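Secondary and tertiary structure notes
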Amino acid sequence: VQLVESGGGLVQAGGSLRLSCAASGNIFSINAMGWYRQAPGKERELVAAITRGGSTYYADSVKGRFTISRDNAKNTLYLQMNSLKPEDTAMYYCAARPGELLRYEYDYWGQGTQVTVSS
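Computed from a prediction, not measured in an experiment: that's the story for all the values here.

**Observations concerning the overall build of the protein**
Secondary structure summary: the protein contains zero helices and 11 strands in total. Helices and strands appear in the protein in the N-to-C order β-β-β-β-β-β-β-β-β-β-β. Along the three orthogonal principal directions, the C-alpha set of the protein runs to about 40 × 25 × 25 Å. Intrachain contacts of the protein at a sequence separation of at least 6 include 57% that bridge at least 24 residues. About 6200 Å² of surface is accessible on the protein, with carbon and sulfur atoms providing 46% of the total.

Structure (structure tokens):
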């Protein structure tokens, strides 16, 4: 399974970005998909995740601001980020795993896309 992220960039606080993650390869083995982020000097954290059936998880820090979705027909995962804050600045990674547990170890990872929010 290969994962390729896109959509990162520089945005002012209060702005929006939409990240995309295109999956290819043995995609039928994938169930849960998620977005992680890692800021310099901080641990990687799970931001949001979604099963093939549509069950979701959000970190408390992004609830009400971020929306995760997936288009199974297009094999693409999305993260709509609104009301962005400087503390959202990080490298964002797409991840996938065969099972449906959302907060478990992920097997496949993308290369990441940088999101920078200026104050």
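**Section: the pattern of salt bridges**
Overall, the coordinates contain four salt bridges when judged by the stated rule. The partner of K63 in a salt bridge is D60, with the nearest N and O atoms 3.2 Å apart. Taken together, the salt bridges that share partners define one network made up of R37, E45, R65 and D88.

**Side note on the environment of A23**
Along the chain, the position of A23 falls in strand β3 (residues 17-24). Judged by relative accessible area, A23 falls into the buried class, the value being 12%. Each C-alpha atom of the pair A23 and N75 lies 5.4 Å from the other, and the pair is 52 residues apart in sequence. If we skip the residues at most four places from it in the chain, A23 touches Q2, L3, I30, M33 and N75.

**Quick look at the pairing of strand β4 (residues 32-38)**
Two faces, one strand: in a regular strand the side chains alternate between the faces of the sheet. Most of β4 sits inside the fold, with six of its seven residues counted as buried. In the sheet, β4 pairs with strand β9 (residues 90-97) via seven bridges, with the strands oriented antiparallel. Counterpart to A32 in the pairing with β9 is R97. Judged from the five bridges that link them, β4 and strand β5 (residues 45-50) form a sheet pairing that is antiparallel.

**What about the nonpolar core?**
Ranked by size, the top nonpolar core spans 38 residues in total, and within it M33, W35, L79, M81 and Y92 carry the most contacts. If you list the elements that add at least two residues to this core, you get β3, β4, β5, β6 (56-58), β7 (66-71), β8 (76-81), β9 and β11 (113-118).

**Description of the state of the cysteines**
Applying the stated criterion across every chain, the model contains one disulfide. Two residues, C21 and C94, share a disulfide whose sulfurs are 2.1 Å apart. Between C21 and C94 the disulfide shows an S-S torsion of about -75 degrees. By sign, it is left-handed. One end of the pair, C21, is in strand β3; the other, C94, is in strand β9, and 73 residues separate them in sequence. Across this residue pair, the class does not change: C21 and C94 are buried.

**So, the packing of aromatic side chains**
Enumeration according to the criterion identifies three aromatic pairs in this entry. With a centroid separation of 4.9 Å and 55 degrees between ring planes, the pair formed by Y36 and W109 is classed as tilted. Taken together, the residues Y36 in strand β4 and W109 in strand β10 (residues 108-109) connect sequence positions 73 residues apart. You can call W109 partly exposed: its relative accessible area is 29%. When the ring of Y106 is compared with that of W109, the centres are 6.5 Å apart and the planes differ by 65 degrees; the resulting orientation is edge-to-face. Feature note: the residues Y36, Y106 and W109 constitute an aromatic cluster, connected by ring pairs. The side chain of R44 reaches across the aromatic face of Y36, ending 5.3 Å from its centre.

Here is what the cut-offs are and how they apply
- Residues numbered from 1 in each chain as written.
- Predicted model: local features only at pLDDT ≥ 70, side-chain atom pairs only at ≥ 80, totals over all residues.
- Heavy atoms only, no water.
- Helix = DSSP H or I, 4+ residues; strand = E, 2+ residues; numbered from the N terminus.
- Contact = heavy atoms within 4.5 Å.
- Areas by Shrake-Rupley, 256 points an atom, 1.4 Å probe, with all protein chains shown as cover.
- Salt bridge = Lys/Arg side-chain N within 4 Å of Asp/Glu carboxyl O.
- Buried < 20%, exposed > 50% of the residue type's maximum accessible area, 1.4 Å probe, protein only.
- Pairing = 2+ DSSP bridges.
- Core = buried A, V, L, I, M, F, W, Y, C linked by side-chain atoms within 4.5 Å.
- Disulfide = S-S within 2.5 Å.
- Phe/Tyr/Trp six-rings, centres within 6.5 Å; stacked < 30°, edge-to-face > 60°.
- Lys NZ or Arg CZ within 6 Å of the ring centre and 35° of its normal.

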